[in-house]
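Each chain is listed here by its residues.
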Amino acid sequence: MTELNDQLVSSETTPTSDAESIRHLEQAITDGKHWYIALLESIGMWASAGEAHNDRTYQYLIDGEAFDWLLLAERLCETADSLLPEDEKNALLFDGRPPLSLSAREVKQLIGSSKYGQYLNYFYGITVEEALLLAVQEDLDKERRVLGYRSTNEYTDEAYRRIYNTTREALLKCFRQDRDYPQLESITLTELKEFTYWLFKYRLKQCDH
């Protein structure tokens, strides 16, 4: 662990541009630093909340509060792809399995306390909220099987009713009205993340009443 700690560099004292963040990743790996450590350092150095790159829109900061660090990791890994071990990179980006076991303190030191707090917002506000919805839907599925019904996705609204006391359609409409977004038939992945984070705060607000 001593060797690993020697590689830890706090991002708090290094205000940089996004281009410098990318250069740091490539240079640090070339110089022999473990790619995951270099990646976290580069994430800590990154400045933009979002960007358009290669005909794709990236929104790293949801609602100005929740940091989607894996999306930024994907973006940065793309720039240094030839320098990364394919199996470890895929395990991180697709399964969320990092190649090194770091403590919360070490991760916080590498990406900075501000981004670490925003990462926690994303974890509890989006990742956990998605897991809550999935768990309730699975409970509903079990109930239906016990009653002899076939599994179906048509009762998704029941999961929303149990958690938020109203339908998904009503919640999505309210969310879009709050944000002044158009009431479209479809929803993008970015908007879905925003909606999930909004649901998390909506649920907490309902619990306060």
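Model, not experiment: these values are computed from the prediction.

1. Things to note about the overall build of the protein
Helices and strands together make up the secondary structure of the protein, namely 10 helices and 4 strands. Going through the 209 residues of the protein one by one, you find that 39% of them count as buried. Of the contacts made within the protein by residues no fewer than 6 positions apart, 62% connect residues no fewer than 24 positions apart. For the protein, the accessible area works out to roughly 12,100 Å², and carbon and sulfur atoms hold 49% of it.

2. Notes on the pairing of strand 1 (residues 50-53)
Residues Glu51 and His53 line the buried face of strand 1, whereas the alternating positions Gly50 and Ala52 sit on a face that is not buried. Of the strand pairs in this sheet, strand 1 and strand 2 (residues 56-59) are connected by 4 bridges, and their pairing is antiparallel. Following the sheet pairing, His53 is matched in strand 2 by Arg56.

3. With respect to the packing of helix 3 (residues 35-45) against helix 4 (residues 69-79)
Where helix 3 meets helix 4, the closest approach of the two axes is 10 Å, and the angle between their N-to-C directions is 115 degrees. If you check the angle between helix 3 and helix 4, you find them roughly perpendicular. For the element pair helix 3 and helix 4, the recorded crossing hand is right-handed. Across the interface between the two elements, Trp35, Tyr36, Leu39, Leu40, Ser42 and Ile43 from helix 3 touch Trp69, Leu72, Ala73, Leu76 and Cys77 from helix 4.

4. Looking at a nonpolar patch on the surface
On the surface, a nonpolar cluster with roughly 260 Å² of combined accessible area is contributed by Phe123, Tyr124 and Val128. Looking at the element boundaries, Phe123 is found in helix 7 (residues 113-146). Under the relative-accessibility criterion, Phe123 is labelled partly exposed at 32%.

5. With respect to the packing of aromatic side chains
Tallied over the entire structure, the rule returns 14 aromatic pairs. Residues Trp198 and Tyr202 carry aromatic rings whose centres are separated by 5.3 Å and whose planes lie at 20 degrees to one another, so their mutual orientation is stacked. Here Tyr202 and Trp198 lie together in helix 10 (residues 189-208), a separation of 4 residues that amounts to about one turn. A connected cluster of aromatic rings, assembled from ring pairs, spans Tyr160, Tyr164, Phe175, Tyr181, Phe195, Trp198 and Tyr202.

6. Points about the confidence of the model for the protein
Mean pLDDT over the protein works out to 88, with 88% of the residues at or above the 70 mark. When pLDDT is averaged over each helix and strand of the protein, the minimum, 41, is found for helix 1 (residues 2-7) and the maximum, 98, for strand 4 (residues 66-67). Low pLDDT (under 50) marks residues 1-15, which in the prediction has 31 contacts with non-local residues, meaning those over four places away or in another chain.

Definitions and limits used
Residues numbered from 1 in each chain as written. Predicted model: local features only at pLDDT ≥ 70, side-chain atom pairs only at ≥ 80, totals over all residues. Heavy atoms only, no water. Helix = DSSP H or I, 4+ residues; strand = E, 2+ residues; numbered from the N terminus. Buried < 20%, exposed > 50% of the residue type's maximum accessible area, 1.4 Å probe, protein only. Contact = heavy atoms within 4.5 Å. Areas by Shrake-Rupley, 256 points an atom, 1.4 Å probe, with all protein chains shown as cover. Pairing = 2+ DSSP bridges. Axes fitted to C-alpha atoms, helices over the stretch in contact; angles between N-to-C directions. Parallel < 35°, antiparallel > 145°, perpendicular 65-115°, else oblique. Left-handed = near helix turned anticlockwise from the far one by under 90°. Patch = residues over 30% accessible without salt bridge, like charges linked within 9 Å, V, L, I, M, F, W, Y side chains within 5 Å. Salt bridge = Lys/Arg side-chain N within 4 Å of Asp/Glu carboxyl O. Phe/Tyr/Trp six-rings, centres within 6.5 Å; stacked < 30°, edge-to-face > 60°. pLDDT = per-residue confidence, 0-100.

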